[in-house]
Amino acid sequence: MGDFVLTLSCEDRLGIVYAVTGYLVEHGCNIVDSAQFGDPDTHRFFMRVAFACPSRAAGEATAEELHAAFAPVAERFRMTHEIRDVRVKQRVAIMVSRYGHCLNDLLYRYSSGDLPVEIPAIVSNHQDFAGLAASYGIPFHYVPVSAATQDSAEAQLLEIVERERVDLLVLARYMRILSDATCRRLAGRAINIHHSFLPSFKGANPYAQAYARGVKLIGATAHYVTSDLDEGPIIEQDVARVDHASSVADFVAIGRDIECMVLAKAVKFHVAQRVLPNGPRTVVFR
């Protein structure tokens, strides 16, 4: 799907697509995929363009060069924009506690090539999955945390993120709340997964609570991490039907499968530059 991806958002006005395509033509680039959306509520325009540079010698064009050359267009339309080289895999760190289904699913997709990323670190407040990490050859960082040690534990986490040049942090059922300061530091590059019962079924044993209420749909939500607990911009959701014959164990099993699928999709959308922030919402070009 090309060598680079350009994503942008700005106030919706005439001439944006013309300016973007003109820039690409001037630099000998060929569009291989393009998507755009004008939000009638916010009057913002969003665009994702995958393109190749066949006229440039192999390795000659860089994302930094193309980004610099795009600056006049971006300034003209006051764009928020990014150009990424899709041949450079994003570096994704994973956090987990004691529920390993999402971690295991992501690692399998990573090892099979379905998730085209690098995973330089797995971080956990328990040691349960050290062996799993070792089986994939991924460094495992045990960072215990309590109310008294949260500041030092998060400082250690941020040091790992910085040292390993982490592009995206994935909370794969990490069962601790990050501080407001850490959420702000990781804004736009941390994804969480939770069951879609929130806020109806908060606290312990949400599936048991849902079972007791006789719900007919269960699901999961992947969203960006913000200081508002489980209220960040939503990237992906899905649901499955249950009925009176379903047990609590059935709820849990079905819910785990949905959580794995939804989180994997959200991570793939993010690393493919398909998710653009739109205030408290997102634009996702599938």
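For the structure given in this document, a descriptive report is provided here. The structure presented is a predicted model; accordingly, all values stated were derived computationally and were not measured.

1. A few points about the sheet that holds strand β8 (residues 168-171)
In spatial order, the strands read β7-β6-β5-β8-β9-β10-β11; together these seven strands make up an open sheet with mixed pairing. Edge strands, defined here as strands with exactly one partner in the open sheet, are β7 (140-142) and β11 (234-241). This sheet shows a mean twist of 20° between the axes of neighbouring strands, independent of strand direction. One ladder, built from three bridges, connects β8 with strand β9 (residues 190-195); its direction is parallel. If you follow V170 over to β9, its bridge partner there is I191.

2. Some details on the environment of G100
Mapped onto the elements, G100 comes out in the loop between β5 (91-96) and α3 (101-112). Among the residues examined, G100 registers a relative accessible area of 15% and is labelled buried.

3. Re helix α5 (residues 150-163)
Taking 1.5 Å of rise per residue, the 14 residues of α5 would be expected to cover 20 Å, and the 20 Å separating its terminal C-alpha atoms lies within 8% of that figure. Buried within α5 are the following residues: Q150, A153, E154, L157, L158, I160 and V161. The arc that holds the buried residues of α5, viewed along the axis, is 155°, so those residues lie on one side. Within α5, the exposed residues directed more than 90 degrees away from the buried face are D151 and E162. Buried residues in α5 make contact with β5, β6 (118-124), β7, β8 and α6 (180-185). Phi turns positive one or two residues past the end of α5, at R165, with a value near 55°.

4. Here we look at the pattern of salt bridges
Here the structure, examined in full by the defined rule, presents 16 salt bridges. Across the pair E159 and R163 runs a salt bridge whose closest N-O atoms are separated by 2.3 Å. Highlighted residues: E159 and R163, both in helix α5, separated by four residues, approximately one helical turn. Of the residues examined, E159 reaches a relative accessible area of 38% and is grouped as partly exposed. Taking the shortest distance from any N to any O, the salt bridge between R286 and E236 comes out at 2.6 Å. One end of the pair, R286, is in the segment after β13 (281-284); the other, E236, is in strand β11, with 50 residues separating them in the sequence. Residue class for R286 comes out exposed when judged on its relative accessible area of 62%. With a relative accessible area of 6%, E236 lands in the buried category. Through salt bridges with shared partners, a single ionic network connects R91, E159, R163 and E164.

5. Observations concerning the packing of aromatic side chains
Scanning all chains against the criterion turns up four aromatic pairs. On the numbers, 4.9 Å between centres and 70° between planes, the contact of Y23 with F70 is edge-to-face. Remark: F70 occurs in helix α2 (residues 63-77) and Y23 occurs in helix α1 (residues 16-26); sequence separation between them is 47 residues. Just as Y23 is buried, F70 falls in that class too. Judged by centre distance (6.4 Å) and plane angle (25°), the ring pair of F37 and F46 falls under stacked. If you follow R87 out to its NZ or CZ, it ends over the ring of F4, 5.1 Å from the centre.

Definitions and cut-offs
Residues numbered from 1 in each chain as written. Predicted model: local features only at pLDDT ≥ 70, side-chain atom pairs only at ≥ 80, totals over all residues. Heavy atoms only, no water. Pairing = 2+ DSSP bridges. Helix = DSSP H or I, 4+ residues; strand = E, 2+ residues; numbered from the N terminus. Axes fitted to C-alpha atoms, helices over the stretch in contact; angles between N-to-C directions. Buried < 20%, exposed > 50% of the residue type's maximum accessible area, 1.4 Å probe, protein only. Expected span 1.5 Å × (residues − 1). Arc of directions from axis to C-beta. Contact = heavy atoms within 4.5 Å. Salt bridge = Lys/Arg side-chain N within 4 Å of Asp/Glu carboxyl O. Phe/Tyr/Trp six-rings, centres within 6.5 Å; stacked < 30°, edge-to-face > 60°. Lys NZ or Arg CZ within 6 Å of the ring centre and 35° of its normal.

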